[in-house]
Amino acid sequence: MTSALRVALLGCGTVGSEVVRVLQNQGDDLAARAGARLEVVGIAVRRLDVERPGIDPALLTTDAEALVRRDDVDLVVEVIGGIEPARSLILAAFESGSSVITANKALLAEDGPTLFAAAESAGVDLYFEAAVAGAIPIIRPLSESLIGDQITQVMGIVNGTTNFILDKMHNEGASYADVLAEAQELGYAEADPTADVEGFDAAAKAAILAGIAFHTRVAAHEVYREGITGITRSDIEAAAEMGTVVKLLAICELHTQTDDAGNVTETVSARVHPALIPATHPLATVGGPYNAVFTESTGAGSLMFYGAGAGGAPTASAVLGDLVTAARNRMRGATGPGESAYTQRQVMPIGEIDTCYFISIDAADQPGVLAAIASCFAHHGVSVQTMRQQVGVNRAETARIVVVTHSAKEAALSAVVEELRSLTEVQEVCSVMRVEGE
Ligand SMILES: NC(=O)C1=CN([C@@H]2O[C@H](COP(=O)(O)OP(=O)(O)OC[C@H]3O[C@@H](n4cnc5c(N)ncnc54)[C@H](O)[C@@H]3O)[C@@H](O)[C@H]2O)C=CC1
Ligand SMILES: N[C@@H](CC=O)C(=O)O
Ligand code: NA
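If you're wondering where the values come from, they're calculated on a predicted model, not measured in any experiment.

Draft legend 1. Here's a closer look at the overall build of the protein chain. Check the secondary structure of the protein chain and you find 14 helices and 18 strands. By the burial criterion, 54% of the 438 residues in the protein chain qualify as buried. Contacts in the protein chain between residues at least 24 apart in sequence constitute 73% of all its contacts with a sequence separation of at least 6. Separation of charge centres in the protein chain, based on 29 positive and 56 negative side chains, amounts to 5 Å.

Structure follows, in structure tokens:
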């Protein structure tokens, strides 16, 4: 007789309902792969009076805590989201000896070390492939396949909702609000979509990626973050005129500095912000809710991971992959690798990071204005790559000046922007964006 492992599911929304569907429809295959039947013994929901086609109502409970503490549960899948009660429920699951599979990047980025330590002391697994870039296998490649290599950069598009919005604004001229509503409808957005559009979701993912890639701990609040709410149609048009597109990027880097005495210091950085990238860059072709992550490592060189970053079925695929893996471990009486944060690398402040910038400025359309603007950049040692006047985008008497700089530190650029704002010729500094991937 095939053995069985008992699964408790916390949350039955976009991802949870898809996990149950696959467990029911592909039970035999999953049992053959896991070495045990994966039997759902309970599903914690917030409300019982919601129609859930195909789900046995007898499995539903509103008492999530009692469910995770049941003696007969082996594996807990947490797809509620948010910090509490998800954290307490996961910790309770560990206390009861269950392994946990979660898609919860917000919680991992906020309090990952507590969870990893609790899993380790309970001798169980904590898996979270779905937490970063949905269906794309990226956590396991970083923490297992590339564990023998030295990763120096992880960069990519890790939020499906914002990519969907920017793509539609770029290609269809769609309005921000309409596309956000569509992303919510399609199950891409977080329960509170502010997490997506303000970059919190991508920042949580960047924290997780940087921690794993660089064997350290990076918390969500240590990630520099800007969202896409300030991006206007005119930014997107200006980007297109320059042969670029606007993408929300997550960039995690390992920085190695050697002082005069030959001492080497390694720091890490993690940032999330909109950036202009050349239309010919591979990330520029990542459309809709798709994600893509590039890794750079000393041995393997460049690797690219691409696929569906959001949505019920793709995310459930990652959850189920973890579930089968945790089940296999359990059947062998083993656990998978835990956290590998053996270094304590400092997180570099954003002001010390060099990037090129795009700045658009509305200024009086009069002689000398370009020289006045150029001198602001010169005062702060920021070298200008191109400066041009965009036509037909603004009111009469006003010129839209678009400047692209060479690589500069954020601190110097901020000083330039402050000086620009003080010029009488400058009406408005309309937008400041980084330029990447050149
Ligand atoms: N939707 C997506 O594309 C992806 C989602 N995720 C993550 O997966 C998790 C779930 O996301 P979704 O399924 O999209 O969210 P959702 O909002 O559709 O589902 C969450 C469900 O949990 C229920 N819930 C909330 N508090 C509860 C409680 N105390 N007890 C029982 N049930 C409770 C809600 O009523 C809701 O049905 C989140 O952590 C999210 O960040 C990760 C990758 C992609
Ligand atoms: N809201 C997230 C869902 C997946 O993590 C996104 O849009 O990427
Ligand atoms: Na993933």
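Back to the text.
Draft legend 2. Summary view of the environment of Val158. Structurally, Val158 is set in the loop between strand 7 (151–157) and helix 7 (160–172). With a relative accessible area of 2%, Val158 lands in the buried category. The spatial distance from the C-alpha of Val158 to the C-alpha of Val7 is 29 Å, given a sequence separation of 151 residues. Residues contacting Val158, with those up to four places away along its chain left out, are Asp201, Ala202, Lys205, Leu209, Ala250, Asn291 and Val293.

Draft legend 3. Broad picture of the packing of helix 7 against helix 11 (residues 233–241). Remark: helix 7 packs on helix 11, axes separated minimally by 10 Å, with the N-to-C direction vectors making an angle of 70°. Looking at the two axes, helix 7 sits roughly perpendicular to helix 11. Relative to helix 11, helix 7 is oriented so that their crossing is right-handed. Taken together, the residues of helix 11 that come into contact with helix 7 (itself represented by Leu166, Met169 and His170) are Arg233, Ile236 and Ala240. Classifying every residue of the contact of helix 7 with helix 11 gives 4 nonpolar, 1 polar and 1 charged.

Draft legend 4. The domain arrangement of the protein chain, seen in detail. For the protein chain, the assigned domains are domain 1 (2–134 + 312–332), domain 2 (139–307) and domain 3 (350–435). Relative to domain 3, the C-alpha centre of domain 1 lies at a distance of 51 Å.

Draft legend 5. Seen up close, the coordination of the sodium ion (ligand 3). Bound to the sodium ion (ligand 3) on the protein side are Glu129 (O), Glu129 (OE), Val132 (O), Gly134 (O) and Ile136 (O), at distances that span 2.4 to 2.6 Å. Ile136 sits in the buried class, given a relative accessible area of 2%.

Draft legend 6. Seen up close, the pairing of strand 1 (residues 4–10). Among the 7 residues in strand 1, 5 count as buried, and that is most of the element. In the sheet, strand 1 pairs with strand 2 (residues 37–44) via 7 bridges, with the strands oriented parallel. From the neighbouring strand, Leu10 faces strand 2, where its bridge partner is Ala44. One ladder, built from 4 bridges, connects strand 1 with strand 4 (residues 75–78); its direction is parallel. If you follow Leu9 over to strand 4, its bridge partner there is Val77.

Draft legend 7. Representation of the environment of Glu436 in the model. Relative to the elements of secondary structure, Glu436 occurs in the segment after strand 18 (426–435). For Glu436, a relative accessible area of 10% gives the class buried. Sequence-wise, Glu436 and Thr386 are 50 residues apart; in three dimensions their C-alpha atoms are separated by 15 Å. Ignoring sequence-local partners within four residues, the contact set of Glu436 consists of Leu249, Ile251, Arg271, His273, Ala275, Leu276, Ile277, Pro278 and Thr355.

Draft legend 8. Layout of the nonpolar core. Grouped together as the largest cluster of nonpolar side chains are 83 residues, with contacts concentrated most on Leu126, Phe128 and Ile138. Top element by residues in this core is helix 10 (residues 200–214). It accounts for 11 residues. If sequence neighbours within four positions are ignored, Phe128 has contacts with Thr102, Leu108, Phe116, Ile139, Ile208, Ile212 and Asp322. Within the second largest apolar cluster, 34 residues are counted, among which are Leu5, Leu59, Val79 and Ala327.

Draft legend 9. Representation of the UniProt feature "active site" (unreviewed entry) in the protein chain. Within this structure's numbering, the places UniProt gives as "active site" (unreviewed entry) are Lys205. Tracing the chain through its elements places Lys205 in helix 10. For Lys205, a relative accessible area of 3% gives the class buried.

Draft legend 10. Structural view of the UniProt feature "binding site: L-homoserine" (unreviewed entry) in the protein chain. Residues annotated in UniProt with the feature "binding site: L-homoserine" (unreviewed entry) correspond here to Glu190. Considering the arrangement of structural elements, one finds Glu190 in the loop between helix 8 (176–185) and helix 9 (194–197).

Draft legend 11. Layout of the site of ligand 2. The immediate surroundings of ligand 2 are formed by 13 residues, with Lys105, Gly160, Thr161, Tyr188 and Asp196 found nearest. Between ligand 2 and the protein, one listed contact pairs a nitrogen atom with a side-chain N or O atom of Glu190 at 2.7 Å. The separation between a nitrogen atom of ligand 2 and a polar side-chain atom of Asp196 is 2.7 Å. Computed on the free molecule, ligand 2 has an accessible area of 250 Å², of which 94% lies beneath the protein chains in the complex. Counting only elements with at least two residues in the shell around ligand 2, the list comes to helix 7 and helix 10. A per-class count over the shell around ligand 2 returns 4 nonpolar, 4 polar and 5 charged.

Calculation rules
- Residues numbered from 1 in each chain as written.
- Chains lettered and ligands numbered in written order.
- Predicted model: local features only at pLDDT ≥ 70, side-chain atom pairs only at ≥ 80, totals over all residues.
- Heavy atoms only, no water.
- Helix = DSSP H or I, 4+ residues; strand = E, 2+ residues; numbered from the N terminus.
- Buried < 20%, exposed > 50% of the residue type's maximum accessible area, 1.4 Å probe, protein only.
- Contact = heavy atoms within 4.5 Å.
- Lys, Arg positive; Asp, Glu negative; His and termini not counted.
- Charge placed at Lys NZ, Arg CZ, Asp CG, Glu CD.
- Axes fitted to C-alpha atoms, helices over the stretch in contact; angles between N-to-C directions.
- Parallel < 35°, antiparallel > 145°, perpendicular 65-115°, else oblique.
- Left-handed = near helix turned anticlockwise from the far one by under 90°.
- Nonpolar A, V, L, I, M, F, W, Y, C, P; charged D, E, K, R; others polar.
- Domains from an automatic or database assignment.
- Donors = N, O, S within 2.8 Å, 3.2 Å for Na, K, Ca; no water.
- Pairing = 2+ DSSP bridges.
- Core = buried A, V, L, I, M, F, W, Y, C linked by side-chain atoms within 4.5 Å.
- UniProt positions renumbered as here; feature names shortened; annotations may be inferred.
- Near = heavy atom within 4 Å.
- Polar contact = N/O pair within 3.5 Å; in protein donor to acceptor, adjacent residues only side chain to side chain.
- Areas by Shrake-Rupley, 256 points an atom, 1.4 Å probe, with all protein chains shown as cover.

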